Amino acid sequence: MPEGFTAPARRFRGICAAAPLLPPSWPSPSRPLRRLIHRAYPEASFAAALTPLYPTPGQPASSEPGSEAEVTAVPNEDGDLRVATLHAGLTASNPEGSDPLDSLISDLAGGNHGQARTLAETVQINEPDVLVLTGVSHDEDGRIAEILQDQYFASGQNGQSSKHYPHVFTAPTNSGVDSGVDLDGDGTVGGSGDAMGYGSYPGQEGMIIFSKEPLDTDGARTFQEFLWKDMPGSSLSDEGFTQAEESILRLATTSLWDVPVLVEGHEPIHLIVSATAASDEPGTADRARSEDFAQLLADYVASEAWYLYDDEGVEGGLRPGAHAIVVGEPFIHEDAGAEKLTSHPALEDPEPEAVTDTDVSERPGEPSQTDETATRWVSGGEDLRASFAVPSTGLSFIQSGVFWPGDGEFGHRTVDPTASNALDDRLVWLDVHAPH
């Protein structure tokens, strides 16, 4: 057994994972044997790392609940499962650099990245059982997920209690993967616009699942490689791509995952996870792709995706009667597919709103920037509902909300766009009864 490890190494889909006691810098496998990464860490391994309680950069020195502001987080009832999602915005600061992933890992290492600490504080305030992060780069060794776990969630931020997620899942993404063709029509091959999903480097826009409950990694499915042309009735042929381009273009700009959560004594809940990767000025083809992807999500949950195949070649969608939550950031804009999802009879939109005692209409900004359902602040533009957590109709949900405290309320600086290291995006959470 390697020195510093308290449990035998375990193998998850070809990735050797183990339980580190003290050395958080113990080297990860140099290259995975397969593409899926799942690590399990015991509670004891973090016992010595839970004491740092120091202010998040840009946050007040003390944020004891009730000391200076009213609490605007909603407690989760015992026995319920809280699923949350948040766009982290953790990508390389210099995406055109020689090794942007190494640069991002270096910036995160040490636990002092301001935005990552604000992210961790937001998570610690809201206490989800399952957290889906979007807008975070994917590295094949899982170092980014490991650092977030060990150095941010496991350290109390700004007076909050540390959080431990023993089950982690991440997988590759289409963002930044070179297509080999001129998808953006600029006359040259290569660059962000010619990637399978917009991005300057492979893995730029990815996703990570952190969970307190076990994840069925053996039963997980990924749909990164499903081709747009293979979706019946798609709008691909209307978008002016050449035959060669149509033959290789994938539907997901990042990926689509189905990862079951295993709550002891209950039926599995399938996390249907996705995110988007597009330029700041998406074109008509980007919008058409987003709308078709929304239809695929609805078909999948409704057990009508007979045409779909996963990355292992297994065909079909969710089995009839299975319980699911569509979670993440699946659309380039809320008017580019969201209604297909939220109005589908197989899904029930909880329509989460800001949890606050401050009327959002009284906040600074235009009316378009004070929509209670909005999850993303847009400078000079209309705030958007970008992140979603939508349960299938057979799954009983209790409550849902957007973490958006107002001025003077607890946690306001984490979402205040004028504050240092604040996030542009707001955490969305959903509480459900685990089905029997």
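Since the structure is predicted, the reported quantities are computational estimates derived from the model, not experimental observations.

**Q** Just to check I follow, could you spell out the nonpolar core for this structure?
**A** What tends to happen in soluble globular proteins is that the nonpolar side chains get buried as a cluster. If you look at the biggest cluster of nonpolar residues, it comprises 40 residues, and the most contacted ones within it are L119, L133, I144, L148, F153 and F210. Sort the elements by how many residues they give to this core and helix 3 (residues 143-153) lands first, with 6 residues. Contacts of L119, omitting those with residues within four sequence positions, involve L86, A88, L90, L133, L148 and L423. Membership of the second largest hydrophobic core comes to 36 residues, among which are L236, V301, Y307 and A346.

**Q** What am I meant to see in the side chain of H113 here?
**A** Position of H113 relative to the elements: it lies in the loop between helix 1 (100-108) and helix 2 (114-126). Of note is the side chain of H113, whose polar atom sits 3.1 Å from the backbone nitrogen of A116. In contact with H113, other than residues within four places in its own chain, are L90, D107, L108 and Y152.

**Q** What is the right way to read the pairing of strand 11 (residues 323-328) from this model?
**A** Taking burial as the measure, the 6 residues of strand 11 include 6 buried ones, the bulk of the element. Where strand 10 (residues 269-274) and strand 11 come together, 6 bridges link them in parallel fashion. Each residue of the ladder has a partner; that of L271, found in strand 11, is I325. Note that the unit made of strand 10, helix 5 (residues 284-301) and strand 11 has a crossover that is right-handed. Here strand 11 runs beside strand 13 (residues 388-391); their pairing, made up of 4 bridges, is antiparallel. When the bridges of strand 13 are listed, I325 appears paired with P391.

**Q** Got a minute to help me understand empty space enclosed by the protein in this structure?
**A** Unoccupied space between atoms shows up once a probe the size of one water molecule is rolled over them. In the structure shown here, the tally under the stated rule is 4 cavities of 30 Å³ or more. Within this model, the largest cavity holds a volume of roughly 90 Å³. T253, T276, R289, S290 and P330 are, among the 12 residues lining the largest cavity, the residues nearest its centre. In terms of residue class, the lining of the largest cavity is made up of 7 nonpolar, 3 polar and 2 charged.

**Q** Quick question: what am I supposed to make of the confidence of the model for the protein here?
**A** Detailed reading of the predicted model is not advised wherever pLDDT is low. For the protein, the average pLDDT comes to 82, and 79% of its residues sit at 70 or higher. Of the regions scoring below 50 in pLDDT, residues 1-68 engages in 158 contacts with residues more than four places distant in sequence or in other chains.

**Q** Is there a simple way to explain the packing of aromatic side chains in this structure?
**A** Given two aromatic rings, their pairing is described by the distance between the two centres and the angle made by the two planes. According to the stated counting rule, one finds 10 aromatic pairs in the structure shown. When the ring of F153 is compared with that of F210, the centres are 5.1 Å apart and the planes differ by 90°; the resulting orientation is edge-to-face. Linking F153 in helix 3 with F210 in strand 7 (residues 206-211), this pair joins segments that are 57 residues apart in sequence. Taken together through their ring pairs, the aromatic side chains of F226, W306, Y307 and Y309 make up a single cluster. The ring of W429 has R82 sitting right over it, with the charged end atom 4.3 Å from the ring centre.

**Q** Would you mind going over the sheet that holds strand 10 with me for this structure?
**A** Consider a sheet: its strands pair through backbone hydrogen bonds, and that pairing is either parallel or antiparallel. Strand order in this open sheet of 5 strands is 8-9-10-11-13, and the pairing throughout is mixed. Each edge of the open sheet carries a strand with a single partner, namely strand 8 (221-222) and strand 13.

What counts and how
- Residues numbered from 1 in each chain as written.
- Predicted model: local features only at pLDDT ≥ 70, side-chain atom pairs only at ≥ 80, totals over all residues.
- Heavy atoms only, no water.
- Core = buried A, V, L, I, M, F, W, Y, C linked by side-chain atoms within 4.5 Å.
- Buried < 20%, exposed > 50% of the residue type's maximum accessible area, 1.4 Å probe, protein only.
- Helix = DSSP H or I, 4+ residues; strand = E, 2+ residues; numbered from the N terminus.
- Contact = heavy atoms within 4.5 Å.
- Polar contact = N/O pair within 3.5 Å; in protein donor to acceptor, adjacent residues only side chain to side chain.
- Pairing = 2+ DSSP bridges.
- Right-handed = clockwise from strand over helix to strand, strands pointing away.
- 1 Å grid on protein atoms, 1.4 Å probe; cavity = no way out; pocket = protein on both sides within 12 Å on 5 of 7 lines; lining within 4 Å.
- Points joined across faces, edges and corners; volume = space filled by probe spheres on them.
- Nonpolar A, V, L, I, M, F, W, Y, C, P; charged D, E, K, R; others polar.
- pLDDT = per-residue confidence, 0-100.
- Phe/Tyr/Trp six-rings, centres within 6.5 Å; stacked < 30°, edge-to-face > 60°.
- Lys NZ or Arg CZ within 6 Å of the ring centre and 35° of its normal.

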